[in-house]
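Residue-level listing of the chains:
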Amino acid sequence: MSTNYLNQPEISRELIEASMKRARIARSNALWDLLGQLFSRPEHKADEAEVHHAAKTGFRLG
């Protein structure tokens, strides 16, 4: 990589494009993780309670 007169790396168009690509991928992954957390079915005790209730009564809601 070439350097400028201050001995710092030159910021080229390719470097900017590569950085933007990595940022878009990271943002996309973060968004999918967030959506997965919002819309996934949480594992909780209410489902277990419903199953036990169904086993006792022979009747299940839903």
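Visitor: How would you explain the overall build of the protein chain if you had to name every residue and give the values?
Guide: When you go through the protein chain residue by residue, the secondary structure sums to two helices and zero strands. Taken across its 62 residues, the protein chain has 2% of its residues classed as buried. A total of about 6100 Å² of accessible surface is found on the protein chain, and carbon and sulfur atoms cover 60% of it.

Visitor: So, the pattern of salt bridges: which residues are in play, and what are the values?
Guide: Summed over all chains, the structure comprises one salt bridge. Between glutamate 17 and arginine 13 there is a salt bridge, and its shortest N-O distance comes to 3.3 Å. One end of the pair, glutamate 17, and the other, arginine 13, are both in helix H1 (residues 13-39), four residues apart, so they sit about a helical turn from each other.

Visitor: Which residues make up a nonpolar patch on the surface, and what are the values?
Guide: On the surface, Leu31, Trp32, Leu34, Leu35, Leu38 and Phe39 cluster together to form a nonpolar patch covering roughly 690 Å² of accessible area. Looking at where phenylalanine 39 falls in the secondary structure, it is placed in helix H1.

Thresholds applied
- Residues numbered from 1 in each chain as written.
- Predicted model: local features only at pLDDT ≥ 70, side-chain atom pairs only at ≥ 80, totals over all residues.
- Heavy atoms only, no water.
- Helix = DSSP H or I, 4+ residues; strand = E, 2+ residues; numbered from the N terminus.
- Buried < 20%, exposed > 50% of the residue type's maximum accessible area, 1.4 Å probe, protein only.
- Areas by Shrake-Rupley, 256 points an atom, 1.4 Å probe, with all protein chains shown as cover.
- Salt bridge = Lys/Arg side-chain N within 4 Å of Asp/Glu carboxyl O.
- Patch = residues over 30% accessible without salt bridge, like charges linked within 9 Å, V, L, I, M, F, W, Y side chains within 5 Å.

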